[in-house]
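Below, each chain spelled out in residue letters.
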Amino acid sequence: MSGYPVLSRTRPGEIKSCIPKSPPEQPEPFEDVVKDFQKVILPGITHWNHPRFFAYFSITGSYPGVIGEMLSSALNVNAMLWKTSPSATELEEVVLDWLRQMVGLPQQFEGVINDTASAGSLCAMAAAREAIGLQVREKGLAGRSSLPRLRAYCSEEAHSSIEKAAIVLCLGQDGIRKIPTDEVFRMDIHALETAVKSDLDGGIRPVCVIATIGTTSTTSVDPVNEIAQLCKKYGIWLHVDAAYGGAAAILPEMRTHFVGWDNADSIIINPHKWLFTPIDCSVLYCRRPETLKQAFSLTPEYLRTAEAGEAKNLMDYGISLGRRFRALKLWMVIRSLGRQGIANAIREHIAYAHRLAERIETHPDFQLLAPVPFSTLVFRLCPKNKSGSDSEINGLNEKLLEEVNKTGQVFLSHTKLRGKFGIRLAIGNLKTTWEDVSLAWDVLQQKAAELTKP
C-alpha cells in the first residue's frame, strides 16, 4: 500500500475510458480480470488504508476486520430476521454490548449496526419524531393542517447528514435550526435555549437536539451535559453524534469529553472511523429501543416467524430489510486487538496530534485555527513576513494544500472556519507512525517555503 500515491492522480473520465462500454458476451479468464484490476482500477484508487491518509476521517481497516469482511461475504447471509441467521443477530447483540461496556455507557442502551452515521442519525431522528406522538408513522405530515411545524436543533458545525435527514423526514431544511457556536466551535447553550423558547412561543414543536462529540471540521465537543439538562427540561429527544469521537471514550483519561452523554436518547459511534473496522460499520445506540422499533417495525405475513416474541429481528430497528453480517468483522477486531490494544492505538494517535500541534504553534508561519481535543488538527499558513487580506491568505492555503497533495506522499483535506481556509490533518490509521506524521509536516513546510520565497 505504501508504494502507491495516497491520492489518485487520475483525471475525471480517465478510468471510464479504459473500460469497454458494453458488457462481454462470453466469459473472460479471471486472470485477465485481475490484470485489469491492477492496470485500470488501482490507479484510480485513493488509498484510505494508507498510513499517510490524513484527510477527512480515516476509515482504517485491520487484518482481522478484513478477514471478517471476507468471511461475511463468503457466508452471504441476510440478517433481517433472527431465523435467517441466528448467529448474525445474536453476535451483533453481544458485540455491541461489549462496545457499550468499553465506552462506559449504561446498560439501558441497546445497539444496532447500520452502514453509516447518515443512516443511523436518520433512524434516530425518526425515533425522535415518533416519540412526540403525532401519529406521523400512520398519517404522515402532508395535508394535516392541525399539526404544528416541527423543528430539530444542531450547531452550525454539525454534520451535513443531519440536514439531509431532516429533508428525508419531511422537516425540511427550514426545520433545522443551526445554533451558533462559541469561540472554540461548541454549540452555544444559551443560544440553544433561546431558540427553543422562541419556537415554543411561536407554536413550533421541538423534535430533537443533535449534539456532537467530535465535529467534522474541528472535532469540537458540544457541552453535552448542559444540553442534556436542557432537553430534559423541555422534554426533547437528545441525539449525540459521536461517530468519530466516540471511540476515544475507551480511554479513561478522555472521559471528560463525554460527561452527560449517558443521558442522551440515542448515540452514534462509527467503528469504521477509529476502531479499525473496515467500512461500513456504524453503531446506533438507543436508550429507548422500543421507540425506535415503533418507528420502523412492519412485518408482512411472509416475514412472520414463530421466534418473533423471544428473539430480536434486526429489520425492526431501521429502514433496511436486508442486513449484512457486519458484526462479524467488529467481533474479530475487538477480539484480536482487545480493549487495551485499541486504547493504546487511539492514545498514540492523540499523542501524535498533540506533538504536531506543538510544532505548529511554535512555527512562526503557521497557526492552529482550533483546539485539538482528539487526533485532528486544523491549521493554516500565515507567513509573518508577508501581509495579505483574508482572501489572499485563503488562496495561499488552497495552493499549499494542492501542492502537498500533488506529491502523492500524503493526503490532507480542508475546511473553512468563519471565513478562514484551514488545512485538516486527521490521524486515525492503525499503521500510522510518528514518522508518517513527521513526513507530512516536512512536506507542508517544504511546500510552504517554495510558495512564499521572495
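Just so it is clear, the model here is predicted, and its values are computed rather than measured.

Participant: I'm lost on the overall build of the chain in this one. Help?
Facilitator: For the chain, the count of helices and strands is 13 helices and 11 strands. In summary, the chain has a C-alpha radius of gyration of 24 Å against a globular reference of 22 Å for 454 residues, a match within 12%. The dimensions of the chain, computed from C-alpha atoms along their principal axes, are 70 × 65 × 45 Å. Within the span of the chain, comprising 454 residues, buried residues form 54% of the whole. Looking at the chain alone, contacts between residues at least 24 apart form 72% of all its contacts between residues at least 6 apart. Here the chain displays about 21,200 Å² of accessible surface, and carbon together with sulfur accounts for 52% of that area. One finds the centroid of the 51 positive side-chain charges in the chain at a distance of 2 Å from the centroid of its 50 negative side-chain charges.

Participant: Mind showing me how you'd approach the environment of Glu-392 here?
Facilitator: Turning to its location among the elements, Glu-392 is positioned in helix H12 (residues 390-406). Residue classification places Glu-392 among the exposed residues on the basis of a relative accessible area of 52%. A distance of 2.8 Å separates a polar atom in the side chain of Glu-392 from the backbone nitrogen of Ser-389.

Participant: Would you mind going over the packing of aromatic side chains with me for this structure?
Facilitator: Between two aromatic rings, the relevant description is the distance of the centres plus the angle of the planes. Across all of its chains, the model carries 13 aromatic pairs by this definition. When the centroid spacing of 5.4 Å and the interplanar angle of 80 degrees are considered together, the rings of Phe-53 and Phe-411 count as edge-to-face. Remark: Phe-411 occurs in the loop between H12 and strand S10 (413-417) and Phe-53 occurs in the loop between helix H1 (30-41) and helix H2 (63-75); sequence separation between them is 358 residues. Ring geometry for Tyr-244 and Phe-374: centres 5.8 Å apart, planes at 85 degrees, overall edge-to-face. Of this pair, Tyr-244 sits in the loop between strand S5 (237-241) and strand S6 (266-269) while Phe-374 sits in the loop between strand S8 (366-368) and strand S9 (376-381); the two residues are 130 residues apart in sequence, bridging distant segments of the chain. Here the two residues Tyr-244 and Phe-374 agree in accessibility, since each one is buried. Among the aromatic side chains, those forming a connected cluster through ring pairs are Trp-48, Phe-53, Tyr-56 and Phe-411. Seen from the ring of Tyr-317, Lys-312 lies directly overhead, with NZ or CZ sitting 4.8 Å from the centre. In this arrangement the basic side chain of Arg-424 is found over the ring face of Phe-57, its NZ or CZ atom lying 5.0 Å from the centre.

Participant: Can you help me understand the sheet that holds strand S3 (residues 176-179) in this one?
Facilitator: Strand pairing in a sheet is mediated by backbone hydrogen bonds. Such pairs are either parallel or antiparallel. The 7 strands are arranged S1-S7-S6-S5-S4-S2-S3 in an open sheet whose pairing can be described as mixed. Of all strands in the sheet, those with a lone pairing partner are strand S1 (110-114) and S3, marking the two edges. Between one strand and the next, the sheet's axes are offset by a mean angle of 20 degrees, whatever the strand orientation. For strand S4 (residues 205-212) and S5, the ladder comprises 5 bridges, and the chain directions are parallel. Bridge pairing links Val-209 to Leu-238 in S5.

Participant: Would you explain the sheet that holds S8 in this entry?
Facilitator: Strand order in the open sheet formed by 4 strands is S8-S9-S11-S10, and the pairing between neighbours is antiparallel. If you trace the sheet from one side to the other, it starts and ends with S8 and S10, each paired once. Along the sheet, successive strands turn relative to each other by an average axial angle of 40 degrees, direction set aside. Here S8 pairs with S9 via 3 bridges, running antiparallel. Bridge pairing links Leu-368 to Phe-379 in S9. Packed onto the sheet, helix H11 (residues 327-362) meets S8, S9 and strand S11 (420-426) and runs at close to 15 degrees relative to S9.

Thresholds applied
Residues numbered from 1 in each chain as written. Predicted model: local features only at pLDDT ≥ 70, side-chain atom pairs only at ≥ 80, totals over all residues. Heavy atoms only, no water. Helix = DSSP H or I, 4+ residues; strand = E, 2+ residues; numbered from the N terminus. Rg over C-alpha atoms; globule rule 2.2 N^0.38 Å. Buried < 20%, exposed > 50% of the residue type's maximum accessible area, 1.4 Å probe, protein only. Contact = heavy atoms within 4.5 Å. Areas by Shrake-Rupley, 256 points an atom, 1.4 Å probe, with all protein chains shown as cover. Lys, Arg positive; Asp, Glu negative; His and termini not counted. Charge placed at Lys NZ, Arg CZ, Asp CG, Glu CD. Polar contact = N/O pair within 3.5 Å; in protein donor to acceptor, adjacent residues only side chain to side chain. Phe/Tyr/Trp six-rings, centres within 6.5 Å; stacked < 30°, edge-to-face > 60°. Lys NZ or Arg CZ within 6 Å of the ring centre and 35° of its normal. Pairing = 2+ DSSP bridges. Axes fitted to C-alpha atoms, helices over the stretch in contact; angles between N-to-C directions.

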